[in-house]
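# Chains, contacts and geometry: an overview
Spelled out from the first residue to the last, the chains are:
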Amino acid sequence: LTADKYNVKRGNYSTINDDDLKEFNSILSSNQIITDSNDLIGFNQDWMKKYIGQSKLVLKPKTTDQISKILSYCNKRKLAIVPQGGNTGLVGGSVPVFDEIIISLSNLNKIRSFDEMSGILKLDSGVILENADNFLSEKGNIFPLDLGAKGSCFVGGNVATNAGGLRLLKYGSLHGSVLGLEVVLPDGTILDSMHSLRKDNTGYDLKQLFIGSEGSLGIITGVSILCPARPKSVNIAFLGLNSYESVKKCFQTARSDLSEILSAFEFMDHDSQLLAAKNLNSIHPLCQEDKIGIDSVPNYPFYVLIETSGSTKEHDDEKLEKFLEKVMENETVIDGTVSQDEAQLKTLWTWRESIAEASQQFGGVYKYDVSLPLDSMYSLVEAVQKRLNDLNLSSTTDNSKPVYEAVGYGHIGDGNLHLNVAVREYSKDVEKALEPFVYEFVAKHHGSISAEHGLGFQKKNYISYSKSEVEIKMIKDLKDHYDPNHILNPYKYI
Ligand code: FAD
Ligand code: S2G
Ligand code: ZN
């Protein structure tokens, strides 16, 4: 979907000229400047291949100082910029809308320091999340964030989107674990706030402004983050349940009986498991017969993945055992399996983490990442499925219909639903059926139209479903103050 598919007009930004290229060549070496049209393709399209920009230039600075020089120059020239990390964002925020210059953080990828006593890690924003966690694993520590995109997303992008992910239930939000940031402001000013103090009550907590700012207030170049001790014992229980009511009951029991060792509680509806099975083409963890692919998915309406993380295996195993007996006995849970080793643990996670990819196996996907009260959470999925059927837009068998199906899954522990509408093609009819229907449903249930993925380009015009006039005005005032020329990530966020 390029900009002309949306009623968006290019802002009055300058267009790159030869003097600009000369200036960038004086700041960077030639292999840090990309202008070749083929090389530009990957940078111009997002992970879903849904948002396509028309940038003619990618800059790959290696230092904070180079970014400072580039921003200061672009600010004076009114050249628009998109900061890009791992480009795994799911709301169209990481790619240009028109010909904005892409500043890729991929070359800013060094671990700066790690303090064994405090567990505080300082690193460049272009370090891949999985690399940061692997580094920490050697030290006996863990990165307090995990998501399906860990192999590609950057720590700076995680902070910029305030990513939630699979471990938020145990480790909390980045607003709590990030202790400091280094940021280059739109005029090139370098804000060095790379503190390593857990308590520092001296003035406004400036780093918070940039956590979740999605590249609209400054380019994050360094992160200082508190990384807890790595749990010595991790278990995964993968369960089959009869109803969404049972999912909620199971969560309540897990919270009370597993308590401090509960590190993740994810739910998946039956159809999301069919999508995963189709995509993975392997045997479902709860399959009792020798079947494979979608035939191997048992007929349970809902599934739950529970992760426990602790320091003593015997203690955790016993606690998990007692919990499973209880929920099986009162029939909250009708079937289940527990990981026996690291390999099986990873396989069980795949049946949850691969749904994102599985949702777009038919051509495309409309994603809604929303926060809702647990009580009404799944009713949004049912309402959308009904609406798409009533409008005759959806069928798993009739290829003439744009929609394959709508599925629901997500981070129950955080009240975060992922509603994915898997489509054979993007279509205005489908978009009109879904928006603002989904956003109105969320607003009516006092939820958030974006739980963790941010606003980006997709949700730019819908912030008022979750923020008041006063809040929106203050957000706009901050944007106008720090980026008066609006050169950072225009057409998005707010
Ligand atoms: P990008 O996609 O490159 O950029 C995202 C936004 O941040 C853009 O607006 C960009 O301009 C801005 N940005 C990037 N780097 C910087 C920087 N250094 N300074 C300033 N602005 C910057 N998200 C979740 O929250 N939870 C999940 O569980 C989750 N699971 C996912 C699973 C899959 C398979 C995929 C593909 C995505 C998933 N995501 C999830 C979404 C995405 O991975 C996150 O939003 C992630 O934090 C983006 O990081 P990135 O480095 O790819 O950023
Ligand atoms: C997840 C990302 C994928 C999606 O899997 O937890 O945040 O499809 C999501 O929304
Ligand atoms: Zn998620």
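Since this is a predicted model, take the numbers as computed values, not measurements.

Let us now look at the site of ligand 1. Taken together, 35 residues lie around ligand 1, and Pro83, Gly85, Gly86, Thr88 and Gly89 are the ones closest in. Within the backbone of Glu214, an N or O atom sits 3.1 Å from an oxygen atom of ligand 1. Contact between ligand 1 and Asn489: an oxygen atom at 2.9 Å from a side-chain N or O atom of the residue. For ligand 1, the accessible surface in isolation is 970 Å², of which the surrounding protein chains cover 96%. Listing elements by their share of the shell around ligand 1, those giving two or more residues are strand 3 (81-84), helix 5 (155-160) and strand 9 (219-226). The element contributing the most residues to the shell around ligand 1 is helix 5, with three residues. Among the residues forming the shell around ligand 1, the class breakdown is 13 nonpolar, 20 polar and two charged.

All right, on to the coordination of the zinc ion (ligand 3) then. Distances from the zinc ion (ligand 3) to its protein donors, namely His411 (NE2), His418 (NE2) and Glu452 (OE), fall within the range 1.9 to 2.2 Å. The sequence pattern describing where the donors of the zinc ion (ligand 3) fall on their chain is H-x6-H-x33-E. One exposure class covers both His411 and His418, and it is buried.

Surveying the vicinity of ligand 2 reveals the residues Leu90, Arg352, Ala356, Lys367, Tyr409, His411, His418, Asn420, Glu452 and His453. A distance of 3.1 Å separates an oxygen atom of ligand 2 from a polar atom in the side chain of His411. Between ligand 2 and the protein, one listed contact pairs an oxygen atom with a side-chain N or O atom of Asn420 at 2.9 Å. Here ligand 2, which alone exposes 290 Å², has 87% of that area covered by the protein. Those elements that place two or more of their residues in the shell around ligand 2 are strand 15 (403-411) and strand 16 (416-423). For the shell around ligand 2, the residue count by class is three nonpolar, four polar and three charged.

Right, let's get into the environment of Ile494. With respect to the helices and strands, Ile494 occurs in the segment after helix 17 (469-482). Ile494 sits 178 residues away from Asp316 along the chain, and the two C-alpha atoms are 45 Å apart. With residues up to four places along the chain from it excluded, the contact list for Ile494 reads Lys460, Ile463, Ile472, Ile475 and Lys476.

About the cut-offs
- Residues numbered from 1 in each chain as written.
- Chains lettered and ligands numbered in written order.
- Predicted model: local features only at pLDDT ≥ 70, side-chain atom pairs only at ≥ 80, totals over all residues.
- Heavy atoms only, no water.
- Near = heavy atom within 4 Å.
- Polar contact = N/O pair within 3.5 Å; in protein donor to acceptor, adjacent residues only side chain to side chain.
- Areas by Shrake-Rupley, 256 points an atom, 1.4 Å probe, with all protein chains shown as cover.
- Helix = DSSP H or I, 4+ residues; strand = E, 2+ residues; numbered from the N terminus.
- Nonpolar A, V, L, I, M, F, W, Y, C, P; charged D, E, K, R; others polar.
- Donors = N, O, S within 2.8 Å, 3.2 Å for Na, K, Ca; no water.
- Buried < 20%, exposed > 50% of the residue type's maximum accessible area, 1.4 Å probe, protein only.
- Contact = heavy atoms within 4.5 Å.

Remember, this is a structural readout, not a statement about activity or role.
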